[in-house]
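Single-letter residue listing:
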Amino acid sequence: MKNNLSYILAFGLLSFVFASQSCQKMDIKIETTGDVNIVGYLEKYPDSFSLFKQILDRTETSAFLNAYGAYTCFAPTNTGVKTWLTKKGAGSVDAADLETLKDLVRFHLLLDTITTSSFKDGKLPVPTMFSQYLVTGVSNKGGQSSYLINRQALVTQSNIKVGNGIIHQIDNVLEPSTISLVKQLEAKPEYSIFVQAIKETGFYDRLNTVDPDTSKRWLTLIAESNQALADSGITSYAALKAKYSKTSSPANANDSLHMYIAYHILDGVKFLGDIITSPAHQTLQPQEVVSTQLLNSEVIVNEDEFNGVVEKGVTLIRNTSDNAATNGVWHDAGAHFSVKYRKPTAVYWDVSSFPEIMKLAANYKKASFTWTRQSEANQPIKDHYWGWGTLASTNIFTYSYSTTSSVTRYAVNFDCNQLPLGLPSRPIWWEMMTPPIIKGKYKIWICYSRSKQSSSSNQLCQVTVNGELMPRTINFTDLRPKGSDAELEAIGWKQYTEWREYRTDSNYAGKLVGTYEFMTTQKQQIRIIPITGTQNNNFIDMIHIIPVDENQVLPRFSTDGSKKYF
Amino acid sequence: MKNKILYTCLLMVALGASSCSKWLELKPQDGIVREEFWKTKEQVDAAVTGIYASMLGTGTSTPLAELLFIWGEARTDMVTPGFRASSSENDIVNMNILPTNAFANWRTLYATINYCNTVIQLAPGVLAKDNTFTQAQLDRAMGEAYAIRGMLYFYLVRTFKDVPLKLDATISDEDIRPMAKSSADSILNQVVLDLKTAEPLLPLTYGNQAKDKGRATRYTVNAILADVYLWREKYAECAAECDKVINSGSFGLVGTFTSMFDELFFRGNSAEAIFELQYDAQKINTFHPMLLSSTRRWGAAPHLIEEVYGIDVINAVPIVDKRGDGCSLRANDLTIWKYMGANDAGSALRAAEQSYAHWIFYRYADILLMKAEAINQMDQPLEASRLVKSIRTRANALDFGMVMDSTDKQGMEEYILQERQREFAFEGKRWYDVVRNAKRNNFANFRYLTDMVGISIPRERQQVAFNKLKDENSLYFPIFLYELQSNKLLVQNPFYK
């Protein structure tokens, strides 16, 4: 028994030794991460950020910047803050005005995580918490490139990832603009003529107010300096007024001087980087747009081609543009420009000459070629697009070329565009962007080559222009009716090809879909929507957009694209 | 009772001893340790083959060919990112490379460099152990390792500028230690030394066409040396190295009368090739999913046919550059044809399991154009123009745009750069070509870079990109974040602060 006891004792001791060894206190982490937050990071480097940290403390923002969130913080270093304090005449952070400090902090914070990958020529994708946008760029000094924020501070260390966002260290304090667009211009004597015109035409208040409703607040102003005006022979406000104002009251909306200024104001805040991403921008002058493009890295306004004639545009001067104000941004135009009144002109649009096919030397005017859209996101052709058909194999757009086939043998340049259409499985609409069309009232003719996939095929479609439904439908399986030109025009049809016997040419039909008044001069959108039937054989050759008061039947077109007036 | 204790102890000993037999064995069960390797000539041969195999891709990191494609093409006007391009790839296109960018990782190259170092360090010891291993065989092995190490360091310098220069093998964990960067110049000195060492050690031929193209020969070394000298602006030396290859008579331009695409790119190992990475059915490259239109990460840039190869609208029978549609790219869907095509009619694609187009490091056309570039800098534009002409005649090139003026050195420099763009499209050379020409004479022709970027970069990012490029350091990749964290002696490229 005693032995037994000692055996148990020995066993117990042994197990105790094992147990106690395994019982070492475990190091349990209670945080999910050891990363510091924004304020934590600033505290870690007091040599760089003690003053900015003081500002955060004084404005009581430290607490929320140390809590969960997704922020981007532009943190100015101590030298930067000191420079700013000296400029403001404050000896220390405590001596500075509290409201100014609060605005300052808001201007350095974004409610999103923005890395330097999002920095481009222009504003950041989200505004600051002060609700003004920051402008980014890159400056190069002495061979060293750095990101430049708001043309005020350089990024000295970027993309510091912390628990609740991203910090970019900057060498100067960013200052929000405190004056409006027109006040900024007023302060510059070199814009005196333009500013006076703004005052006389009654736009001063509009350009001076900061609307509390941010959807209405932002404007973009394209200003003309006295120099730009002088280059066009206008050396004083009187000369400008004499040139444009014909009603003696520039404030009148029908006065050309009023229109001139209205034409220089765009809706919304558009930095140069935004301006070039869209081909046209609506101005405050009703129904007038400025067209914009990037040519050899210069931003050009109103350089357009009308009927083969290129009209020279006006350059926006980069280094003096992109000036942010409390209610928008203003740019500096390199020359004088104004609203242009153009007479409506017919556009005989050969839809099958688009840049993507013209690049294929082996196909353009030589052989058919088919584009297959691999996925709904894929857009192989810029100006011809269609609603994705559920049957993937019907999402094919064909440049159809043949000198012999009955579908294209009399088509202009022997080519057409072909797209399958129709519910339930083929593409559900076909959309195209026209060349620029001058505003005015036009008749729109769809010129197609009739074809039936099978004898029972039917393809009735309606047409919308800029989203507006046209009164007449087209059917890709309809032959052109018989009759003289006058008889046909009376019922809204025409022979758009060079004159031939009806029995050889009846496939080629121009059908009037309606009359439309284009409100702005720009590229317009035409969409064809199938409503009954479905087939693959839908061929469009041309679209004629002809002013209502012009001859709708002539010219006709021969297979080499030349115009025939008989 | 005593027995009970005794039995318990016995049992424990028995259990413990029997299960422990493997524990006392220190050698790994699934591999060979160094002490058992490096004994026979076959093992040396296997180690050298391993260098090439590692360049084909090991499966653990981005394969070399893919990396070189992205390093050499992504920042240029040759390619556009497809819809499957990763954010890392889009960032490279936009000149927004961050230290976290997946393609800033150099481990693929250093892994192969370590294989080279291992051969250089351990192969000589085999001479004493294996009597059948001759000095000539050792020389060859050493030469191949030196040549490839030199070439990879040359790629690293052109891509990262300053990098750590590791010349001894990392054989055990004890060899892992932090290393600081060496200057680009000192690395290039080492590269030249490596190549000069390799040159006499390597044979002119292995007696077999496929081996001559896939293994480093003396001509491979001459080609790399010419490229290094050209980068370092030592033109006489560059021309001399080119002449060694040209005078050998072993190489020529293929496809003058036959299909250039078929011989040079589809079949591979052509008489024009000097050094290729030989993928085959057992080891395919990663280009197929990368370039196929339904999973595309990279496509050809849309302006190439129109503005680079040119469209003939004058002649009744149009002149068509052989290197354009159906060779470098398929124009109608912008597929990069060099790696994807199966015929030069532009109709048949390689199947996924056929994706073994070789990666061509150097070919004879490169030698001719490098020589042209070098002698043009030595004020012989007329002789340079003759070399360019031979390339253009082979390709049936169309004269359009810039005119080749054989009396104008500056004009020739630009013309040769354009000809290289046409000739070596998608072969991972464009970025290095443009940088080399732009940096010459202290960035006298900086516009080569901005002209190129003006085409490739999205419009709203152009100004930012132009100003970034003005900083010379922006031409080089950042050091990958993981390397910075694990090697505390590394200092980031100052541009990526």
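Rules behind the numbers
Residues numbered from 1 in each chain as written. Chains lettered and ligands numbered in written order. Predicted model: local features only at pLDDT ≥ 70, side-chain atom pairs only at ≥ 80, totals over all residues. Helix = DSSP H or I, 4+ residues; strand = E, 2+ residues; numbered from the N terminus. Rg over C-alpha atoms; globule rule 2.2 N^0.38 Å. Contact = placed C-beta atoms within 7 Å. Buried ≥ 20, exposed ≤ 12 C-beta atoms within 10 Å, placed from the backbone. Axes fitted to C-alpha atoms, helices over the stretch in contact; angles between N-to-C directions. Parallel < 35°, antiparallel > 145°, perpendicular 65-115°, else oblique. Nonpolar A, V, L, I, M, F, W, Y, C, P; charged D, E, K, R; others polar. Pairing = 2+ DSSP bridges. Domains from an automatic or database assignment. Bend = angle between axes of the 7 residues up to and from the residue. Expected span 1.5 Å × (residues − 1).

Colleague: So what's going on with the overall build of chain B? Residues and values would help.
Modeller: Scanning chain B from terminus to terminus reveals 21 helices and six strands. Computed over the C-alpha atoms, the radius of gyration of chain B is 26 Å, within 12% of the 23 Å expected from 2.2 N^0.38 for a compact globule of 497 residues. When contacts within chain B are restricted to residue pairs at least 6 apart in sequence, long-range pairs at least 24 apart make up 67% of them.

Colleague: Explain the overall build of chain A to me, using residue names and the numbers behind them.
Modeller: When helices and strands are tallied, chain A shows 17 helices and 33 strands. Computed over C-alpha atoms, the radius of gyration of chain A comes to 34 Å, more than 25% over the 24 Å expected from 2.2 N^0.38 for 566 residues, which places it beyond the range of a compact globule. Taken over the C-alpha atoms alone, chain A extends approximately 120 × 95 × 45 Å along its principal axes. Residue burial in chain A is summarised as follows: out of 566 residues, 40% are buried.

Colleague: Explain the packing of helix α3 (residues 46-58) of chain A against helix α5 (residues 78-88) of chain A to me, using residue names and the numbers behind them.
Modeller: Residue and element names in this part refer to chain A. Contact geometry of α3 with α5 gives a least axis separation of 7 Å together with a crossing angle of 45°. It follows that α3 is oblique to α5 by the angle criterion. Seen from α3, the contacting residues are Ser48, Phe49, Ser50, Leu51 and Phe52; seen from α5, they are Asn78, Val81 and Lys82. Among the residues making up the contact of α3 with α5, the classes are represented as four nonpolar, three polar and one charged.

Colleague: Please provide a residue-by-residue account of the interface of chain B and chain A, values included.
Modeller: At the interface, 32 residues of chain B touch 35 residues of chain A. For the side of chain B that touches chain A, the secondary-structure elements that each account for two or more residues are α1 (2-19), α13 (304-309) and α20 (462-469) of chain B. Per-element tally for the side of chain B that touches chain A: the top contributor is α20(B), with five residues. Residue classes in the side of chain B that touches chain A are distributed as 11 nonpolar, nine polar and 12 charged.

Colleague: Please give an account of the sheet that holds strand β1 (residues 71-76) of chain A that cites residues and values.
Modeller: In a beta sheet, neighbouring strands pair by backbone hydrogen bonds and run either parallel or antiparallel. Strands sit in the order β2-β1-β7-β6-β5-β4-β3 (chain A) across an open sheet of seven strands; the sheet is mixed. At either end of the open sheet lies a strand with only one pairing partner, and these are β2 (109-110) and β3 (122-123) of chain A. Summarising the sheet, β3(A) and strand β4 (residues 135-141) of chain A pair through two bridges and their orientation is antiparallel. Bridge pairing links A:Lys123 to A:Val135 in β4(A). With respect to the sheet, α20(B) is in contact with β4 and β5 (144-149) of chain A, its orientation differing from that of β4(A) by roughly 25°.

Colleague: Describe the domain arrangement of chain A, with residues and values.
Modeller: Residues and elements named next belong to chain A. Examined at the domain level, chain A breaks down into domain 1 (5-170), domain 2 (181-333) and domain 3 (347-564). When each unit is reduced to the centre of its C-alpha atoms, the spacing between domain 2 and domain 3 is 39 Å. Elements with a minimum of two residues in the side of domain 2 that touches domain 3: β11 (289-295) and β13 (304-306). Here the residues of the side of domain 2 that touches domain 3 are counted per class, giving four nonpolar, two polar and two charged.

Colleague: Report on α3(A), specifying residues and quantitative values.
Modeller: All names here are of chain A. Its maximal kink placed at phenylalanine 52, α3 deviates by approximately 30°. What α3 keeps buried is the set Ser48, Phe49, Leu51, Phe52, Lys53, Ile55 and Leu56. Where α3 is buried, its residues touch α2 (38-44), α4 (62-65), β1, α5, α6 (98-107) and β7 (165-170). The positive-phi residue at the C-terminal boundary of α3 is glutamate 60, with phi of around 60°.

Colleague: If you had to explain the domain arrangement of chain B to someone new, which residues and values would you point to?
Modeller: Residues and elements named next belong to chain B. Its domain assignment divides chain B into domain 1 (2-245 + 479-496) and domain 2 (246-426). A C-alpha centroid distance of 29 Å is found between domain 1 and domain 2. Contact with domain 1, which involves 35 residues of that partner, is made by 38 residues of domain 2. Elements supplying a minimum of two residues to the side of domain 1 that touches domain 2: α2 (41-56), α3 (64-73), β1 (79-81), α8 (209-214), α9 (218-231) and α10 (235-248). Among the elements that line the side of domain 1 that touches domain 2, the one with the most residues is α10, at eight residues. Counted by class, the side of domain 1 that touches domain 2 contains 21 nonpolar, five polar and nine charged residues.

Colleague: Now, about the environment of A:Thr178: what can you tell me, with residues and values included?
Modeller: Residue and element names in this part refer to chain A. Position of threonine 178 among the secondary structure elements: in the loop between β7 and α7 (181-186). With 12 C-beta atoms counted inside 10 Å, the residue threonine 178 sits in the exposed group. Taking the C-alpha atoms as reference points, threonine 178 and alanine 325, separated by 147 residues in sequence, lie 7.0 Å from one another.

Colleague: Run through the pairing of strand β30 (residues 522-532) of chain A, naming residues and quoting values.
Modeller: Residue and element names in this part refer to chain A. In this structure, strand β23 (residues 430-437) lies alongside β30, joined through six bridges in antiparallel fashion. In the sheet register, methionine 432 faces β30, and the bridge partner there is isoleucine 526. When strand β25 (residues 460-465) meets β30, the two strands line up antiparallel, connected through six bridges. Its bridge partner being in β30, glutamine 462 is matched across the sheet by isoleucine 529.

Colleague: Which residues make up the pairing of strand β2 (residues 273-277) of chain B, and what values do they have?
Modeller: The side chains of a regular strand alternate, residue by residue, between the two faces of the sheet. Residues and elements named next belong to chain B. Counting buried residues in β2 gives five out of five residues, a clear majority hidden from the surface. Direction of pairing for β2 relative to strand β6 (residues 359-363): antiparallel, over a ladder of four bridges. Considered in β6, the bridge of phenylalanine 275 is made with tyrosine 362.

Colleague: Any chance you could break down unusual backbone geometry for me, citing the residues and the numbers?
Modeller: All names here are of chain A. Between leucine 423 and the following residue, proline 424, the backbone shows a cis peptide bond with an omega angle of 5°. Secondary-structure assignment places proline 424 in the loop between β22 (415-418) and β23. Leucine 554 connects to proline 555 through a cis peptide bond whose omega is 0°. With respect to the helices, strands and loops of the structure, proline 555 is situated in the loop between β31 (539-547) and β32 (556-557). Although it is not a glycine, lysine 365 sits at a positive phi angle of roughly 60°. Counting through the fold element by element, lysine 365 comes out in the loop between α15 (355-358) and β19 (369-372). We classify lysine 365 as partly exposed; it has 17 C-beta atoms within 10 Å.

Colleague: Explain the environment of A:Ala411 to me, and be specific about the residues and the numbers.
Modeller: All names here are of chain A. With respect to the helices and strands, the residue alanine 411 is situated in the loop between β21 (396-401) and β22. Classification of alanine 411 as buried rests on a count of 29 C-beta atoms within 10 Å. Residues alanine 411 and tyrosine 448, spaced 37 residues apart in sequence, show a C-alpha to C-alpha distance of 8.8 Å. Not counting residues up to four positions away in its chain, the partners in contact with alanine 411 are Cys416, Ser449, Tyr508 and Asp541.

Colleague: Would you mind going over α10(B) in detail, with residue names and values included?
Modeller: The end-to-end C-alpha distance of α10(B) is 20 Å, a good match for the 20 Å that 14 residues give at a rise of 1.5 Å each. Phi turns positive, to about 70°, at B:Gly249, one or two residues after α10(B).

Colleague: How would you summarise the environment of A:Ala367 if you had to cite specific residues and measurements?
Modeller: All names here are of chain A. Checked against the element boundaries, alanine 367 lands in the loop between α15 and β19. A residue is classified by how many C-beta atoms lie within 10 Å of it, and alanine 367, with 13 of them, is partly exposed. Excluding residues within four positions of it along the chain, alanine 367 makes contact with Ala362 and Tyr401.

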